[in-house]
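Coordinates in review
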Amino acid sequence: HDTLQEVFPALASIFAHYARSIGGSTTAEDAVEMTMTEFKDMVKDVGLETRDLKFDVMSNMFKKANALNNNAAHFQRKAEQGTSEAHTKDAGSKVVALAGNSPKRTGKAAKQRDDEMDMELVLYEFVEVLIRIAFWRANPYHGIHKLATKLIPLPDCLQQMLTEVVLPNAKR
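Residues numbered from 1 in each chain as written. Predicted model: local features only at pLDDT ≥ 70, side-chain atom pairs only at ≥ 80, totals over all residues. Heavy atoms only, no water.

Relative to each other, helix α1 (residues 2-19) and helix α2 (residues 36-46) sit at 125°, their axes nearing to 9 Å. In terms of axis orientation, α1 runs oblique to α2. Where α1 crosses over α2, the two elements pack in a sense that is right-handed. Here Ile-14, Tyr-18 and Ala-19 of α1 lie close against α2, whose contacting residues are Glu-38, Asp-41, Met-42 and Asp-45. By residue class, the composition of the contact of α1 with α2 is four nonpolar, no polar and three charged. (Axes fitted to C-alpha atoms, helices over the stretch in contact; angles between N-to-C directions. Helix = DSSP H or I, 4+ residues; strand = E, 2+ residues; numbered from the N terminus. Parallel < 35°, antiparallel > 145°, perpendicular 65-115°, else oblique. Left-handed = near helix turned anticlockwise from the far one by under 90°. Contact = heavy atoms within 4.5 Å. Nonpolar A, V, L, I, M, F, W, Y, C, P; charged D, E, K, R; others polar.)

Here is the structure:
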């Protein structure tokens, strides 16, 4: 907490810059959400990748930090479907029967829509990704007993990454 509190204004400024990076923001919502492409631009500008921590691993961290919102988007869409289902039941049984014929395809389409709806980080998720990256940059072999080295605890590895890599190199 103390480590993040010291640099939070700078992190918010960095987030704001990269969240607006693709052709400017068209809506206010776009200005407060960072897409995977914008995140990749930040990773490249800052130089977060190492020999042991590549962008594909960071993109998984991006997805994990974003998982909570993805779940919320899923439940929101399900709630919206519930209202529309109530309308179609009143409309007649033919519409309901057609809707029930392809649950497999609907499930795949729903998952794809969820992923498309929310492949963006908000500020607190961005901070979470930075914390995950800091730990794995400092401890790439954590959990592998044969390759284990001395563990660098979280506040120290986060402080080091922020002061040596992120803050000096990120655009604001």
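The terminal C-alpha atoms of α1, which comprises 18 residues, lie 25 Å apart, in line with the 26 Å expected from a rise of 1.5 Å per residue. The principal kink in α1, of about 65°, is found at Phe-8, preceding the proline Pro-9 by one to four residues. Within α1, the full set of buried residues consists of Thr-3, Leu-4, Val-7, Leu-11, Ile-14, Phe-15, Ala-16, Tyr-18 and Ala-19. On its buried face, α1 sits against β1 (34-35), α2, β2 (120-121), α6 (123-138) and α7 (154-169). (Expected span 1.5 Å × (residues − 1). Bend = angle between axes of the 7 residues up to and from the residue. Buried < 20%, exposed > 50% of the residue type's maximum accessible area, 1.4 Å probe, protein only.)

Let us look at α2. Where α2 is concerned, the buried positions are Met-36, Glu-38, Phe-39, Met-42, Val-43 and Val-46. Seen end-on, α2 carries its buried residues on one side only, within an arc spanning 160°. Positive backbone phi, at 85°, marks Gly-47, one or two positions downstream of α2. (Arc of directions from axis to C-beta.)

Phe-39, Met-42, Leu-48 and Ile-133 are the most contacted members of the largest nonpolar core, which totals 34 residues. When contributions to this core are tallied by element, the ones reaching two or more residues are α1, α2, α3 (55-91), α6 and α7. In terms of residues, this core owes the most to one element, α1, which gives seven residues. What Phe-39 contacts, discounting residues up to four positions off in sequence, is Met-34, Phe-55, Met-58, Phe-62, Val-129 and Ile-133. (Core = buried A, V, L, I, M, F, W, Y, C linked by side-chain atoms within 4.5 Å.)

Throughout the structure, instances matching the rule amount to four aromatic pairs. Between Phe-39 and Phe-55 the ring centres are 5.9 Å apart and the planes differ by 40°, which places this aromatic pair in the tilted class. Placement of Phe-39 in helix α2 and of Phe-55 in helix α3 is noted, with a sequence separation of 16 residues between them. An identical accessibility class is assigned to Phe-39 and Phe-55; each is buried. Their ring planes at 90° and their centres at 5.4 Å tell us that Phe-135 and Trp-136 sit as a pair that is edge-to-face. Overall, Phe-135 belongs to the buried group, its relative accessible area being 16%. Residue classification places Trp-136 among the partly exposed positions, given a relative accessible area of 32%. (Phe/Tyr/Trp six-rings, centres within 6.5 Å; stacked < 30°, edge-to-face > 60°.)

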